[in-house]
Amino acid sequence: MSAVRTVVRGAQRRRVSTIVIVAATAMAVTATVLAGLLLAASSAPFATAFAGQRGAHLTAFFDASTTTSEQAAATASQAERAAGPFPVATAAVRPEGLPGIPFMDLRVAGRADPARDPVDKVTLLSGRWARATGEVVVARGHLRIPPGSVLRLKDGPTLRVVGEARSISQTSQGWVTPDQATALGPAGWQMLYRYADAGTEAAMSAHQAALGPNARTQSWLGVRADAAHRTQLFVPLLSAFGLIGLALAALVIGNVAAGTVASATRRIGVMKALGLTPAQVVRACLVQALIPGMIGAVLGIVAGDLLAVPLTADVADLFGTVPMSVTPWVDAAAIVAAVLVLSATAAPAAWRAARLRTVDALAVGRTPLSGRGRRAARLAGRSRLPRPLSLGLAQPFTRPARLVAMLLTIAFGTAAATFAIGLASSLRLVQAADQKPATSADVVVYPGPDGIGTDAGAVIAATPGTGSYYGRGPADITIDGLREAAHGTVTIGDAGAAGYEMLDGRWYAAPGEVVVTTGLLTATGKHVGDTVTGAGHEPFTIVGEVFDGSANNHLYTDVASMPGLRSPFEWYVKLTPGTDRAAYLDSLTSRHLEAQASEAESADGTLIVLDSLTALLTALLVSVAALGVLNAVVLDSRDRVHDIGVQKSIGMTPKQTAVMVIASVGVAGLIGGAAGVPAGYLVHRWAVPAMARGAGIRLPGSTIDVYAPALLLTLALAGLILAAAGALLPAGWAARTRTAVALRTE
């Protein structure tokens, strides 16, 4: 106990280094907790959320004109568990104050308490549940409608949004009270079912058939497939950050433990001179490493659990599931991992120190081990650099293990920053490429009251100021080999000039030629140059593969390829230089055309979540790396405090002392930055295409090649900045230390 008490008192006297050890360990354990949560959240997120919500295996809609609520309720006996019938209505709504946005259909279910029904326990994400008529809770999706918003119905009344919720079964787009659903004019009844056997297509088909021909159904297998698609999309991102976080945390904790013992080597010599045995020395050193380490670990668990709230909310938004609660096993695993890493790195260092002869242990810290760093010191001394710089640059080579640990810490931090910057750039370029066909125009003209709008082309052509223009409209096109019709876009005019990103081949130039998305090629097994057939059109020749941000089976062709097609066309107009856009819009309005200036869409909700998540994780990892550097420099400065006193006694100024300490991390900063940038680059080159493959799309090369040479050089220098930032506090302490105090310090 006397040995342990001696070490504890030593830690109390060395408050600065003890505080740094606690802070570094706390940040590393925080990273461990969050990394563990990321990996846990990426493992079967849909299955976990579906079980937690008691999701509906089958959602059925019965038309009110053919089925009464009693008849719908009678079908509950076919399932192991059922909920309903709930009145269902569809309302045409748009956010109040935004007249330019068209009305959209919102399907709502009238449920008195969606969170407590025996099937499909809907999770409230923000706000509260609807309690009265005129209130609605909307399902959170890509379109975020925050609580407090007002939705105007097409026939005049309004609905106030009082909350956001999510159903893992996707049973509705919104929830209102049963009275409100009745007031909207119920279109039918909704029933929700859970079955004992629901794992196969055959079983679900049998359950659907048992409900009769009047039921329109949605199987959970389709919802699960969509969720699996989202999981495959984001798992590479979360896995990359999670693994980097775990590796960096283990490195920092190990470096903290080993450095703590190594910095106490001379004190170990004193304890051996007082009669302590090697076994007592090892126990004392383990306590010295574990006490501040465990304090830091507990603080890290608390911080990790607090940060887990926004983190798991972002991850749930990515996967379309519900937020995970704080997972006790992750906290327990983080504590166990911290103890194991602390012990595994401190014990060997303690045993080596315990085996040293007493006189050797007393000498360590005043003089470096024989041969270490001498060549680096000679080379630095021959340089023309100022003496403080040369001393600082040579100093790390006296402790190679600590230098390597610091270098790896900086490399991991730089790699995380490089990956995050590349990911953010790629995501923005993907969105820009997806929006380019619409945003490249100056003016958009919408279909007229007849819903067709092909005559608008003649008006546009005759309007002064028109440069180039084209029209496009939707069409469902049957393609042999697809279970459902392809999402088609037919065009009039030179749509190829709109800026569609081609992945292979060329844009179509004649009737009968089409360009298609990666999803359609994958689904049909076709390639560029092949021919596709289908009902309602002549054979099409695939002449190109075009980028599309969705994984839909999409096909683009000229309207002449689909004779007799009547489709609502939107027209995209590029104005001639010098044309006043406002006057041009007035001119079109006077000709009874609905037109507005084109503008880029706001950032997609998923993109916003990804940006938030990436920023949080990158800031955490860079902070862990900076604290790891801070800890290493504090320990090194404490080891060399006597040398610093000697240097000050022969004329080194405080400013020169600070420069020397900061210069001591220069080599690690430069090499770590130079190593971290290629690592982050390679992670980016793996993760972004993997995310695209998970989404069922291919990306243009321009969205992956985002690192300009100047950016890579800047990121490499960021390693030096990170190292210098971690060394600033120890440099200030060394500069302020009085010479007499430094010479007396052990």
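Parameters and conventions
Residues numbered from 1 in each chain as written. Predicted model: local features only at pLDDT ≥ 70, side-chain atom pairs only at ≥ 80, totals over all residues. Heavy atoms only, no water. Phe/Tyr/Trp six-rings, centres within 6.5 Å; stacked < 30°, edge-to-face > 60°. Helix = DSSP H or I, 4+ residues; strand = E, 2+ residues; numbered from the N terminus. Patch = residues over 30% accessible without salt bridge, like charges linked within 9 Å, V, L, I, M, F, W, Y side chains within 5 Å. Areas by Shrake-Rupley, 256 points an atom, 1.4 Å probe, with all protein chains shown as cover. Salt bridge = Lys/Arg side-chain N within 4 Å of Asp/Glu carboxyl O. Buried < 20%, exposed > 50% of the residue type's maximum accessible area, 1.4 Å probe, protein only. Pairing = 2+ DSSP bridges. Contact = heavy atoms within 4.5 Å. Core = buried A, V, L, I, M, F, W, Y, C linked by side-chain atoms within 4.5 Å. Axes fitted to C-alpha atoms, helices over the stretch in contact; angles between N-to-C directions. Left-handed = near helix turned anticlockwise from the far one by under 90°. Nonpolar A, V, L, I, M, F, W, Y, C, P; charged D, E, K, R; others polar. pLDDT = per-residue confidence, 0-100.

## Considerations on the packing of aromatic side chains
This structure, assessed with the given rule, holds 10 aromatic pairs. Between Tyr-193 and Tyr-195, the aromatic rings sit 6.1 Å apart at their centres with planes inclined by 25 degrees, giving stacked as the arrangement. Considering the side-chain rings of Tyr-681 and Tyr-707, the 5.5 Å spacing of their centres and the 55 degrees angle between planes classify their relative orientation as tilted. On the criterion of sequence distance, the pair formed by Tyr-681 in helix H21 (residues 666-695) and Tyr-707 in the loop between H21 and helix H22 (709-736) is long-range, its members being 26 residues apart.

## Here's the deal with a nonpolar patch on the surface
Taken together, the side chains of Leu-670, Ile-671, Leu-713 and Leu-717 define a hydrophobic patch exposed on the protein surface, amounting to about 370 Å² of accessible area. Mapped by element, the contributors of at least two residues to the nonpolar patch are H21 and H22.

## Describing the pairing of strand E1 (residues 58-63)
Taking burial as the measure, the 6 residues of E1 include 5 buried ones, the bulk of the element. Sheet topology note: the E1/strand E9 (residues 188-194) ladder contains 6 bridges and is antiparallel. Pairing of Phe-61 across the sheet is with Gln-190, part of E9.

## Brief notes about the environment of Ala-64
Here Ala-64 shows up in the loop between E1 and helix H4 (69-74). The spatial distance from the C-alpha of Ala-64 to the C-alpha of Val-88 is 9.4 Å, given a sequence separation of 24 residues. Residues in contact with Ala-64, not counting those within four places in the same chain, are Pro-186, Ala-187, Gly-188 and Trp-189.

## Focus: the nonpolar core
If you look at soluble globular proteins, the nonpolar side chains tend to sit buried side by side. Of all hydrophobic cores here, the largest spans 43 residues; its most connected members are Val-29, Val-33, Met-406, Ile-410, Val-633 and Val-665. Those elements that place two or more of their residues in this core are helix H2 (15-41), helix H7 (220-263), helix H9 (278-319), helix H10 (328-355), helix H14 (400-439), helix H18 (605-639), helix H20 (654-663) and H22. The element best represented in this core is H18, accounting for 10 residues. If we skip the residues at most four places from it in the chain, Val-33 touches Ile-301, Gly-304, Asp-305, Val-330, Asp-331 and Ala-334. In this structure, Val-443, Ile-460, Leu-575 and Tyr-584 belong to the second largest nonpolar core, which totals 28 residues.

## A closer look at the packing of H20 against H22
Two elements in contact, H20 and H22, have axes separated by 8 Å at closest approach and are oriented at 145 degrees. The two elements H20 and H22 cross, and the hand of that crossing is right-handed. The residues of H22 that touch H20, namely those facing Pro-654, Thr-657, Ala-658, Val-661 and Ile-662, are Ala-724, Ala-727, Leu-728, Pro-730, Ala-731, Ala-734 and Ala-735. Partitioning the contact of H20 with H22 into residue classes produces 11 nonpolar, 1 polar and no charged.

## A word on the pattern of salt bridges
Applying the stated criterion to the full structure yields 9 salt bridges. Residue Arg-685 is joined to Asp-705 by a salt bridge in which the shortest nitrogen-to-oxygen separation is 2.5 Å. Of this pair, Arg-685 sits in helix H21 while Asp-705 is found in the loop between H21 and H22, placing the two residues 20 residues apart along the sequence. By relative accessible area, which is 53% here, Asp-705 ends up exposed. Three or more residues are tied together by salt bridges with common partners; here these are Arg-111, Asp-117 and Asp-120.

## A short note on the confidence of the model for the chain
Considering every residue of the chain, the mean pLDDT works out to 78; 81% of them sit at 70 or more. Confidence over residues 450-454 falls short of pLDDT 50; this stretch has 12 contacts with residues more than four positions distant or in other chains.

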